[in-house]
Amino acid sequence: SEELEEFVQSSGEHGVIVMTLGTLVANLPEDVTEDIAAAFAKLPQKVIWRHQGKRPSTLGNNTLLLDWLPQNDLLGHPKTRLFVAHGGTNGIQEAVYHGVPLVGLPLMFDQSDNFFKMKVRGVAKVMDIATVNRENFLEALKEVLHEPSYRENMRKLSNLQRDQPIKPLDHAVFWIEFVMRHKGAPHLRTEANKMSMVQYYSIDVIACLLAVSLAAFTLFVSVIKCLWGRVFSRSKVKNE
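First, a word on what this report is: a plain description of the structure on this page. (Residues numbered from 1 in each chain as written. Predicted model: local features only at pLDDT ≥ 70, side-chain atom pairs only at ≥ 80, totals over all residues. Heavy atoms only, no water.)

**Considerations on helix H5 (residues 111-120)**
Buried within H5 are the following residues: Gln111, Asn114, Phe115 and Met118. For H5, the angular spread of the buried residues around the axis is 90°, confining them to a single face. Away from its buried face, by an angle of more than 90 degrees, H5 presents the exposed residues Phe116 and Val120. Positive phi shows up at Gly122, right after H5, with a value of about 75°. (Buried < 20%, exposed > 50% of the residue type's maximum accessible area, 1.4 Å probe, protein only. Helix = DSSP H or I, 4+ residues; strand = E, 2+ residues; numbered from the N terminus. Arc of directions from axis to C-beta.)

What follows is the structure in structure tokens.
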């Protein structure tokens, strides 16, 4: 939007920091949010933060809170200096493509592993959400912003990702036209399309395994009952 573009342009030479923790996490605990906002307020950069929780009392005039933001477009903007992210695969790939270094706050799933790979390559500073406070978060932001190696290493990764024989858009256009030329390209369709639901989900195999398991369990119970009956009958005879 024009308002967002105006906010980005107003950052001047200091640039912009983008922060979002994905669609699954709308907001962090209130104390963590307060510390993050306080750290952002001490920076000369403008901050665009996707945050849907309570507005932090420590929020600075340099920070814009949004319910949603155009992540890829902002990462591709020449004024974007840093991306604070949770480590989702899409966000990592977009940051690498646009050459934007990272500060990581991994929360769940594969996010810690994704950020470990970025940390090893020298393009990310990773933090533990359980120990984040305004001091160490501000220190991490300043380190990535002012240490040239983060951006240089990320630029190298970006160049590797972009170095392809065919541009991704041209590649996509070729395959769309290929399918159109060959009337749906039936020769490329997987044989799974011809399978019935029973075959595709292996329902017959599952049913067979369940039947065998049930038969084995029934046999086991029958044997135990038989043995128990014989032992009990012998005990009864001896007592008489």
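Anyway, onward from the coordinates.
**Some details on the sheet that holds strand S2 (residues 46-50)**
Ordered by their spatial adjacency, 6 strands build an open sheet running S3-S2-S1-S4-S5-S6, and the pairing between neighbours is parallel. The sheet is open, and its two borders are formed by strand S3 (63-66) and strand S6 (124-126), each paired with just one other strand. The average undirected angle you get between the axes of adjacent strands in this sheet is 15°. Where S2 meets S3, 4 bridges bridge the pair, whose relative direction is parallel. By the bridge assignment for S3, Arg50 is matched with Leu66. Helix-sheet contacts for H5 involve strand S4 (80-85), strand S5 (102-104) and S6, and the interaxial angle to S6 is about 130°. Against the sheet, helix H7 (residues 148-162) makes contact with S4, S5 and S6, and its axis sits at roughly 85° relative to S4, the strand it touches most. (Pairing = 2+ DSSP bridges. Axes fitted to C-alpha atoms, helices over the stretch in contact; angles between N-to-C directions. Contact = heavy atoms within 4.5 Å.)

**Comments concerning the pattern of salt bridges**
According to the stated counting rule, one finds 5 salt bridges in the structure shown. Taking the shortest distance from any N to any O, the salt bridge between Glu143 and Lys125 comes out at 3.5 Å. Note that Glu143 is positioned in helix H6 (residues 134-146) and Lys125 in strand S6, a separation of 18 residues in sequence. Taking relative accessible area as the criterion, Glu143 reaches 29% and is therefore assigned partly exposed. We classify Lys125 as partly exposed; its relative accessible area is 28%. Residues Lys194 and Glu191 are paired through a salt bridge, measuring 3.5 Å at the closest nitrogen-oxygen approach. (Salt bridge = Lys/Arg side-chain N within 4 Å of Asp/Glu carboxyl O.)

**Side note on the side chain of Thr63**
Mapped onto the elements, Thr63 comes out in strand S3. Here Thr63 falls in the buried class, since its relative accessible area comes to 9%. Engagement of the side chain of Thr63 in a polar contact is seen with the side chain of Asn62, the distance being 3.2 Å. Apart from the residues lying within four places of it in its own chain, the contact partners of Thr63 are Phe7, Phe40, Val47 and Trp49. (Polar contact = N/O pair within 3.5 Å; in protein donor to acceptor, adjacent residues only side chain to side chain.)

**Some remarks on the side chain of Lys79**
With respect to the helices and strands, the residue Lys79 is situated in the loop between helix H3 (71-75) and S4. The buried charged residue Lys79 lacks any salt bridge partner; its closest oppositely charged side chain belongs to Glu5, at an N-O distance of 8.5 Å. Apart from the residues within four sequence positions on either side, Lys79 is in contact with Val8, Gln9, Ser11, Gly12, Gly15 and Val16. (Lys, Arg positive; Asp, Glu negative; His and termini not counted.)

**Notes on helix H4 (residues 89-98)**
Listed in full, the buried residues belonging to H4 are Gly91, Ile92, Ala95 and Val96. Down the axis of H4, the smallest arc covering the buried residues is 130°, so these residues share one side. Those residues of H4 that are buried lie in contact with H3, S4, S5, H5 and H7. Following H4 by one or two positions, Gly99 has its phi on the positive side, about 70°.

**Re the packing of helix H2 (residues 30-41) against H6**
Running from amino to carboxyl end, H2 crosses H6 at an angle of 45°, the nearest separation of the two axes being 8 Å. Compared by their axis directions, H2 and H6 come out oblique. For H2 against H6, the interelement crossing comes out right-handed. Listed contacts from H6 to Glu34, Asp35, Ile36, Ala38, Ala39 and Phe40 of H2 are Arg134, Phe137, Leu138 and Leu141. Split by residue class, the contact of H2 with H6 holds 7 nonpolar, no polar and 3 charged. (Parallel < 35°, antiparallel > 145°, perpendicular 65-115°, else oblique. Left-handed = near helix turned anticlockwise from the far one by under 90°. Nonpolar A, V, L, I, M, F, W, Y, C, P; charged D, E, K, R; others polar.)

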